[in-house]
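Chain by chain, the residues run as shown.
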Amino acid sequence: MSDTQTLIDSRPPSVATLFTQRVAETPDAEAYRFPVPAASGDGPDEWKSLTWGRAAERVYAIAAGLIDLGVQPEERVALASSTRIEWILTDLGVMCAGAATTTIYPSTNAEESSYILADSDSRVLIAEDAAQLAKARERRADLPNLSHVVVIDTTGVEPDESGWVLSLADLEARGAAYLADNPEAVQKRIAAIAPDQLATLIYTSGTTGRPKGVRLPHDNWSYMAKATVATGLITKDDVQYLWLPLAHVFGKVLTSGQIEVGHVTAVDGRVDKIIENLPVVQPTYMAAVPRIFEKVYNGVAAKARAGGGAKYKIFQWAAQVAREYARTTQDSFRRTGTASAPFGLETKHRIADALVYAKIREAFGGRLRACVSGSAALAPDIGFFFAGVGIHILEGYGLTESSAASFVNPGEAYRTGTVGKPLPGTEVRIAGDGEVMLRGPGIMSGYHGLPEKTAEVLESDGWFHTGDIGELSADGYLRITDRKKDLIKTSGGKYISPAEVEGQFKAVCPFVSNILVHGADRNFCTALIALDEPTILGWAEENGLGGRTYADVVASQEVESLIDGYVQRLNEGLQRWQTVKKFRLLPRDLDIEHGELTPSLKLKRPVVEREYRTLIEDMYAGSREA
């Protein structure tokens, strides 16, 4: 048996146990960094630190406070908050109390939040602020079993004489007092945790109907902690910048792996602060979703364009060199085990590095060793661009039902356009229809209260149907081609992967934000295209359309002609039946608030197609449908 397999097989029953081990080993080492706004209200944030020992004091106080509130093992404690240090501490507190965290995105509306609280039978809600508290108050009559709401930031929260609402500081004080009388209470709860005991209940953001609660036991996270570290992708010397939504399963993997290895994590979920924070934090690795890399790429291209024709030509040349260099070196590594390129390409790459790439790396903090990308497919041309720049994006793959990290690209041997190899201990096979199937310690125990739905995807021998179509190389690299249900079959009988076409367009067009390709049961493909507002308004300013609103700019003939040129470039690289014959520009970008994107920025196709049905039908009006 390999050392890696031994490491995984000897995993403890829970991350709560891993946390106590980490605290015992390195109590004085830095665990977390987090921003505190400047006292004056102006100027940059001040970053503060927590050691593992100090973090444990707060975690155990939270756990004891929950025990004092009457929370029993496996009972649910809901957590509705953006990514911040308190999210991590309270989640760990819930686990150390032997209870289970129900995650709720802060953007979830009152109706769906109430549904999740009721369906999960959550006994306590930990709410970020007055806005999250208001949602629970609005639906309190529907939540008879919700005994308390704990508020992290009490700004604007009115005093509650009933005891239903208390602050996180109150809960910690209550826990500290409880521990004074019952010093072993939390450790007893941790020691009693069984591997199959529920740790996390995450509701999938369904595109239709109510979301399903995915039951993830403690063993899932203990396995993920050991398996992700066993890949060698993270070390004790790393500094992680964590901004992803922790309500998402991807975020939970990142916190579990950090506890196992003991490196520093800087936590700040404010997306608008990413560009400002990176040079301050100087991370060695971070995780993101493809939309972030697309926005960075479009922003760099827009800045070069604004610098004038010569500067933009240099950028375009450097981007081409980056892609060629990445493809060449990755191919060389695959064949020989050494990343190398011909002398001429190496020379061009060095020049491009001095002119362009070094500045991009500096914007990421200058120390970034790797980025992990998940949640959706990254357009290969964008991945090759960043690889050539020296920002290595390691795509991974997994679902909520598989605890997120089932595959990841292996460090130096990563291959852009694939999601890498399975984590140690995870099995994969491709079904006859191309569906990816998984089995291993990361797979969920089932859907909460939905045995029939569980049976539809989880076979009795442990194999899980992912619903994704993929291809497995001879040496174990997986490439996801599409969601099984999203494949388009035209009226002419041709199958098309819309995600593949959409990804190619994102690589071709620097102005696109979101695109949906439509064509099921039609005789040609069409597209709905939303543009990135800052980028297209910058172009408008340079081209005589300054001062107009976004809606006016995208409705102009000039912008339609601009985007049509990129659509034609896209079509040049497609099969005839894949080409986009017509498109419409949307009057605004797609977003989470209108329900068109999931909180992890994935497209909700049925929602978008329903909302813009008139535009779609208009594109097919007058055509002869087969």
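Residue numbers restart at each chain and count upward from 1, following the sequence in its written direction. pLDDT decides what is reported in this predicted model: residues at 70 or higher carry local features, side-chain atom pairs at 80 or more are listed and counted, and totals for whole chains, interfaces and linings draw on all residues regardless. Neither water nor hydrogens contribute to the side-chain values; these are computed over all heavy atoms in the structure.

A. Main features of the pattern of salt bridges. Should a side-chain nitrogen of Lys or Arg be within 4 Å of a carboxyl oxygen of Asp or Glu, the pair is scored as a salt bridge. Taken as a whole and assessed by the stated rule, the structure comprises 39 salt bridges. A salt bridge links Lys273 to Asp45, with the shortest nitrogen-to-oxygen separation between them at 3.9 Å. Here Asp45 lies in the loop between strand S1 (30-36) and strand S2 (46-51) and Lys273 lies in the loop between strand S11 (264-267) and helix H11 (274-281), a separation of 228 residues in the sequence. With a 1.4 Å probe rolled over the protein chains alone, any residue whose accessible area is under 20% of its type maximum counts as buried; one over 50% counts as exposed, and the rest are partly exposed. On the accessibility criterion, Asp45 (14% relative accessible area) is buried. A run of DSSP states H or I qualifies as a helix once it reaches four residues; a run of E qualifies as a strand once it reaches two. Both are numbered from the N-terminal end.

B. Examining the packing of helix H3 (residues 52-68) against helix H4 (residues 85-96) more closely. To get an axis, fit a line to the C-alpha atoms, keeping to the stretch in contact for a helix; angles then go from 0 to 180 degrees between the N-to-C directions. With their axes 8 Å apart at the nearest point, H3 and H4 run at an angle of 55 degrees to one another. By the criterion of interaxial angle, the relationship of H3 to H4 is oblique. For H3 against H4, the interelement crossing comes out right-handed. Along the contact surface, H3 presents Ala55, Arg58, Val59, Tyr60, Ile62, Ala63 and Leu66, while H4 presents Glu86, Leu89, Thr90, Leu92, Gly93, Val94 and Cys96. Here the residues of the contact of H3 with H4 sort into 10 nonpolar, two polar and two charged. Working definition: roughly parallel below 35 degrees, roughly antiparallel above 145 degrees, roughly perpendicular at 65 to 115 degrees, and oblique for all remaining angles. Here a crossing is called left-handed whenever its near helix is offset anticlockwise from the far helix by less than a right angle, and right-handed whenever the offset is clockwise. Pairs of residues are marked as contacts when any of their non-hydrogen atoms sit within 4.5 Å. Throughout this entry, Asp, Glu, Lys and Arg are counted as charged residues, while Ala, Val, Leu, Ile, Met, Phe, Trp, Tyr, Cys and Pro are counted as nonpolar. The remaining residues, Gly among them, count as polar.

C. Main features of helix H13 (residues 309-336). Given a helix with a known number of residues, its expected span is that number minus one, times 1.5 Å. Compared with the 40 Å implied by 1.5 Å per residue over 28 residues, the 40 Å span of H13 between its first and last C-alpha is a close match. Taken together, the buried positions of H13 are occupied by Tyr312, Phe315, Ala318, Ala319, Val321, Ala322, Arg323, Tyr325, Ala326, Thr329, Gln330 and Ser332. Where H13 is buried, its residues meet helix H12 (290-306), helix H14 (343-363), helix H15 (380-389) and helix H17 (498-508). After H13 finishes, the residue Gly337 shows a positive phi value of roughly 85 degrees.

D. Representation of a nonpolar patch on the surface. For patch building, the residue pool is restricted to those with more than 30% relative accessible area and no salt bridge; the joining distance is 9 Å between like charges and 5 Å between nonpolar side chains (Val, Leu, Ile, Met, Phe, Trp, Tyr). Accessible surface is estimated by sampling points in the Shrake-Rupley manner with a 1.4 Å probe; for residues, cover comes only from the protein chains shown. A cluster of nonpolar side chains, contributed by Ile314, Trp317, Ile351 and Leu355, occupies part of the molecular surface with about 330 Å² of accessible area. Counting only elements with at least two residues in the nonpolar patch, the list comes to H13 and H14. With respect to the helices and strands, Ile314 occurs in helix H13.

E. Highlighting the sheet that holds strand S9 (residues 213-217). Two strands qualify as a pair provided DSSP detects at least 2 bridges between them. Taken together, eight strands build an open sheet; the order of strands is S7-S6-S5-S3-S4-S8-S9-S19 and the sheet is mixed. Each end of this open sheet is capped by a strand with a single partner; those strands are strand S7 (165-167) and strand S19 (446-447). Inspection of the sheet shows strand S5 (residues 122-127) paired to strand S6 (residues 148-151) by four bridges, in the parallel sense. Each bridged residue has a counterpart across the sheet, and for Leu125 the counterpart in S6 is Val149.

F. Layout of the sheet that holds S1. Spatially, the nine strands line up as an open sheet ordered S2-S1-S11-S10-S12-S13-S14-S15-S16, and their pairing is mixed. Either end of the sheet is taken by a strand with one partner, and the two such strands are S2 and strand S16 (421-422). In the packing of H3 onto the sheet, the strands contacted are S1 and S2, and the crossing angle to S2 comes to about 80 degrees.

G. The nonpolar core, seen in detail. To define a nonpolar core, start from buried Ala, Val, Leu, Ile, Met, Phe, Trp, Tyr and Cys residues and group those joined through side-chain atoms within 4.5 Å. Counting 131 residues, the largest nonpolar core has Phe19, Tyr32 and Phe386 as the members making the most contacts within it. Among the elements that take part in this core, H3 stands out by supplying 10 residues, more than any other. Excluding anything up to four places from it in sequence, Phe19 contacts Trp52, Ala55, Ala56, Val59, Tyr60, Leu92, Cys96 and Ile259. Membership of the second largest hydrophobic core comes to 31 residues, among which are Ile529, Leu545, Val553 and Leu570.

H. Representation of the packing of aromatic side chains in the model. Aromatic pairing here means that ring centres of Phe, Tyr or Trp (its six-membered ring) are within 6.5 Å. Orientation follows from the plane angle: under 30 degrees is stacked, over 60 is edge-to-face, and everything else is tilted. In this structure the tally under the stated criterion is 13 aromatic pairs. Here the aromatic rings of Tyr312 and Phe315 are separated by 6.4 Å at their centres, their planes lie at 15 degrees, and the arrangement is stacked. On the criterion of helical spacing, the pair formed by Tyr312 and Phe315 is a turn pair, its members being three residues apart in helix H13. For Tyr312, a relative accessible area of 17% translates into the label buried. The exposure class of Phe315 is buried, given its relative accessible area of 4%. Measuring from ring centre to ring centre gives 6.4 Å for Phe364 and Phe386, while their planes differ by 80 degrees; the resulting arrangement is edge-to-face. Taken together, the residues span a long stretch of sequence, with Phe364 in the loop between H14 and strand S13 (370-373) and Phe386 in helix H15 at a distance of 22 residues. In this structure, Phe364 and Phe386 share a single accessibility class: buried. Each residue in the set Phe293, Tyr297, Tyr312, Phe315, Phe364, Phe385 and Phe386 is aromatic and connected to the rest through ring pairs, giving one cluster.

I. Highlighting the pairing of strand S12 (residues 285-288). Alternating positions in S12 separate into two faces, Tyr285 and Ala287 on one and Met286 and Ala288 on the other, with burial throughout. Of the strand pairs in this sheet, strand S10 (residues 239-242) and S12 are connected by two bridges, and their pairing is parallel. Each bridged residue has a counterpart across the sheet, and for Tyr241 the counterpart in S12 is Met286. The pairing of S12 with S13 spans four bridges and is parallel. For Tyr285, the partnering residue across the bridge sits in S13 and is Ala370.

J. Structural detail: the environment of Gly440. With respect to the helices and strands, the residue Gly440 is situated in the loop between strand S18 (435-439) and S19. Owing to a relative accessible area of 28%, Gly440 belongs among the partly exposed residues under this scheme. Between the C-alpha atoms of Gly440 and Trp463, which are 23 residues apart in sequence, the distance is 8.2 Å.

K. How the structure looks around unusual backbone geometry. Located in the positive-phi region is Asp121, a residue other than glycine, with phi close to 55 degrees. For Asp121, the location among the structural elements is in the loop between helix H5 (110-120) and S5. Using a relative accessible area of 24% as the deciding quantity, one classes Asp121 as partly exposed.

L. Focus on helix H18 (residues 533-542). All of the buried residues in H18 are Thr535, Ile536, Trp539 and Ala540. Across the axial projection of H18, the buried residues extend over an arc of 135 degrees, all falling on one side. Within H18, the exposed residues directed more than 90 degrees away from the buried face are Pro534 and Glu541. Against the buried residues of H18 lie H12, strand S25 (525-531), helix H19 (550-554) and helix H20 (557-572). Count one or two residues on from H18 and you reach Gly544, which has phi positive near 80 degrees. Taking the helix axis as origin, the arc is that swept by the directions to the C-beta atoms.

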